[in-house]
Amino acid sequence: GAMEHATNISFMQYYLNQLSADCENTMVHELSHHWFGDLVACDSASEMWLNEGWAVYNEMLFHERFYGIDNYKQKVRENHEYVLHKSHVRDGSYLPVSGVPTENTYGSTVYDKGSDVIHTLRTYMGDSLFFHCVKEFVADYSWQTISTAQLRDYLSQCSGINLTDYFNDWIYSKGFPHFSIDKFVNEHDGADGGLTKLYIRQRLHQSPQFYKNVPMTVSFFTRGMYRTDTTLMINGECAYIEIPLNGWNPNLFAAVDFNEHLQDAITDECKIISDTGSFGFGTAKMILHVNSNIDSSLVRVEHNWIHPEPMKTKIPSLHLHDKRYWTVDGIIHSNFIADARIDYDGTDVSLDVPFISNSEDSLVIMYRSNANAEWVFTDSFSINKQGSVLDKKGYATIYNLKKGQYCFAIWNSAVADTTAAEGDCMYTSVSETNITKNNFELYPNPATEMVIATFERNTFKNVLLYDLLGKTILAQKISAEQTSLYLNLKNVGAGTYLITLKDNQGNPITKKIMKQ
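As a starting point, this report considers the structure included with it. (Residues numbered from 1 in each chain as written. Predicted model: local features only at pLDDT ≥ 70, side-chain atom pairs only at ≥ 80, totals over all residues. Heavy atoms only, no water.)

### A word on the overall build of the chain
What counts is decided by this rule: Secondary structure follows DSSP: runs of H or I at least 4 residues long count as helices, runs of E at least 2 residues long count as strands, and numbering of each begins at the N terminus. Three exposure classes are used, based on accessible area relative to the maximum for each residue type with a 1.4 Å probe and protein chains only: buried under 20%, partly exposed in between, and exposed over 50%. Contact definition: two residues touch when any of their heavy atoms are within 4.5 Å. Note on areas: these come from Shrake-Rupley sampling with a 1.4 Å probe, and a residue is covered only by the protein chains present in the view. Note on charges: Lys and Arg go in the positive column, Asp and Glu in the negative column, and His and the chain ends are not counted at all. Note that the charge is assigned to NZ on lysines, CZ on arginines, CG on aspartates and CD on glutamates.
A count of helical and extended segments in the chain gives eight helices and 31 strands. In terms of overall dimensions, the chain has C-alpha extents of about 70 × 65 × 45 Å along its principal axes. Counting every position in the chain, which comprises 516 residues, the buried fraction comes to 51%. Considering only residue pairs separated by 6 or more positions, the chain has 68% of its internal contacts joining residues 24 or more positions apart. Accessible surface, the chain: about 23,200 Å² in total, of which carbon and sulfur atoms supply 50%. Here the chain contributes 42 positively and 61 negatively charged side chains, and the mean placements of these two sets differ by 4 Å.

Okay, here's the thing in structure tokens:
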């Protein structure tokens, strides 16, 4: 469809005439090569992600800038699903982003996973430092060839963040981590307070080692869907934190990486459902048919691209799926009654091959209420083979969906059970010094006329905007009920500024904002 040379990008006329609405991404991609590939170029074919992964990620940034943050998130979500589902199939195996073999120079790992992990790099650095340091890197290395190691060292020095673990885990290694909540309890202290205890487990999907120093945001939801975020560093297999409760208002739902900032082995989608009807959770691979609903419910569905934990007490000849399972969670009211559809495809090597090796007749759906419960047969389900028991395609309907985990299982006495029980987690308590509470997010950044800060209710009291010389440009109060604020930058000159939000105790949290 297109060919890029410095100062000369050519498109097929048919492509432009017939597919103009669909070729925006290609246009952005090829234009991006003027920076990533021409101005600064990878120093070897094995480092092609420095050209192509960044060009694909610029497609995502185009959607964020011109169509909004929700459009950006959906594009990132769809790309992540494709990477987990198809990249290793297209490339013949799971590969690291850096150091690909010659035959994979222009493969999906380089392009699609390259973009995928850059989204995660943005999370590690934060918007202000990410955009500032990448621009500085391109400027400082103009007309040069570069390596991944040079990018790592430059971004670490520029941001003040040691990115060695990020590059070792996400760039130099194949596969993905998988993060989930192992246990979540509220404890009342007998008075007006209490605490929430949360246990987080890291598992591995084709990765050779547990990921280190991962900035993980955990979101807690109380009645009324009020949300509080806590950010901590996950280091290794198991982590444990205690969160004090402000009064006895227990957390009803906890989620790791609710905003999908980390591209782990999960595709998830969340919806607030206030009506009846059908609701698709596309990349989470589930469709809900809501039959009864009075109050609004927050429903989050995860498609986990990793095998479910095995049964504690094995049932002879019954085998849980070896590649995937679902988690359904949220603030779901008792009057919310829904059925769920999940498809299967025994011809798709990334989904149900070789799990469905012959007939679909022996498929069943298993359920457990949480990660510590035993797998049992789902109370009520059906398997629709769509006219053939041998084409290996169809769907299951789960009736009266409940919070918990679901997976396919199959009866097959000819297959030996080789699954091993999961080892017990040795939980490491996360130190308070590693937890950043009362955080806030800024967007867009860089900004032109307006910047928006979002945060939790009853978190901050004041906001101040400074220039780099410490001069106060703007100051205003924040009410207890506010969860966002808009700062008008129309009369502020272009440059770098600092935005400080002070919490109820006067503690400041500061972030950089770039005004264009």
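### Quick notes on the side chain of glutamate 30
Mapped onto the fold, glutamate 30 is located in helix α2 (residues 24-32). Excluding residues within four positions of it along the chain, glutamate 30 makes contact with Ala2, Glu4 and Ile9.

### Looking at the layout of surface pockets
Rules: Each cavity reported here is a set of points on a 1 Å grid over the protein atoms alone in which a 1.4 Å probe fits but cannot get out, each pocket an open set with protein on both sides within 12 Å along at least five of seven lines, and each lining residue one with an atom within 4 Å of a point. Grid points are joined across faces, edges and corners, and a volume is the space filled by probe spheres set on the points. We call Asp, Glu, Lys and Arg charged. Ala, Val, Leu, Ile, Met, Phe, Trp, Tyr, Cys and Pro are nonpolar, and the rest, Gly among them, are polar.
In this structure, the second largest pocket spans a volume of roughly 980 Å³. Lining the second largest pocket we find 29 residues, and of these Asn58, Leu61, Arg65, Phe131 and Pro446 sit closest to its centre. Of all the secondary-structure elements, those providing two or more residues to the lining of the second largest pocket are α2, α3 (49-67) and α6 (127-140). Considering each element in turn, the lining of the second largest pocket owes the most residues, eight residues, to α3. Here the residues of the lining of the second largest pocket sort into 19 nonpolar, six polar and four charged.

### Points about the pattern of salt bridges
Inclusion rule: When a carboxyl oxygen of Asp or Glu is within 4 Å of a side-chain nitrogen of Lys or Arg, the pair counts as a salt bridge.
Here the structure, examined in full by the defined rule, presents 19 salt bridges. The salt bridge involving glutamate 260 is made with arginine 77; its shortest N-O contact spans 2.8 Å. Taken together, the residues span a long stretch of sequence, with glutamate 260 in the loop between β10 (253-256) and β11 (266-273) and arginine 77 in helix α4 (residues 69-91) at a distance of 183 residues. Taken individually, glutamate 260 and arginine 77 each receive the classification buried, so the pair is uniform in this respect. Across the pair lysine 403 and aspartate 329 runs a salt bridge, and its minimum N-O distance is 3.4 Å. Residue lysine 403 is located in the loop between β21 (393-398) and β22 (404-411), and its partner aspartate 329 is located in strand β16 (residues 325-331); the two are separated by 74 residues in the primary sequence. Overlapping salt bridges, with partners in common, bring together Glu64, Arg122 and Asp127 in one network.

### Digging into the nonpolar core
For the record, the criterion: Put simply, a nonpolar core is a bunch of buried Ala, Val, Leu, Ile, Met, Phe, Trp, Tyr and Cys residues held in one set by side-chain atoms that sit within 4.5 Å of each other.
Ranked by internal contacts, the top residues of the largest apolar core, which has 56 residues, are Trp49, Trp54, Phe130, Leu155 and Tyr166. If sequence neighbours within four positions are ignored, phenylalanine 130 has contacts with Trp54, Tyr57, Ile118, Leu121, Arg122 and Met125. Among the nonpolar cores identified, the runner-up in size contains 27 residues, and Ile342, Tyr344, Phe355 and Phe408 belong to it.

### Details of the pairing of strand β6 (residues 194-205)
Residues in a regular strand project their side chains so that they alternate between the two faces of the sheet. Note the following rule: Two strands are said to pair when DSSP picks up at least two bridges between them.
Burial of β6 is extensive: 10 of the 12 residues sit out of reach of the surface. Pairing analysis gives 12 bridges linking strand β5 (residues 176-188) to β6, with the strands arranged antiparallel. Looking at β6, one finds that histidine 178 is bridged to arginine 203. Taken together, the eight bridges between β6 and strand β9 (residues 238-245) define a ladder with antiparallel strand orientation. Bridge assignment links isoleucine 200 to a residue of β9, and that residue is alanine 239.

### Side note on the sheet that holds strand β26 (residues 450-454)
Cut-off, in case you're wondering: Angles run from 0 to 180 degrees between N-to-C directions of axes, and those axes are lines fitted to C-alpha atoms, restricted for helices to the stretch in contact.
Spatially, three strands are ordered β25-β26-β29 in an open sheet, and the strand pairing comes out antiparallel. Edge strands, defined here as strands with exactly one partner in the open sheet, are β25 (441-443) and β29 (484-488). Going across the sheet, the axis of each strand differs from the next one's by a mean of 20°, ignoring polarity. Pairing of β26 with β29 involves five bridges; the strand directions are antiparallel. Directly across from alanine 453, in β29, lies its bridge partner leucine 485.

### Let's talk about empty space enclosed by the protein
Evaluation of the coordinates by the stated rule reveals five cavities of 30 Å³ or more. For the largest cavity, the full set of lining residues is Phe36, Val40, Leu50, Asn51, Trp54, Val134, Phe137, Val138, Ile146 and Leu151. Where the lining of the largest cavity is concerned, the elements lending two or more residues are α3 and α6. When its residues are assigned to classes, the lining of the largest cavity shows nine nonpolar, one polar and no charged.

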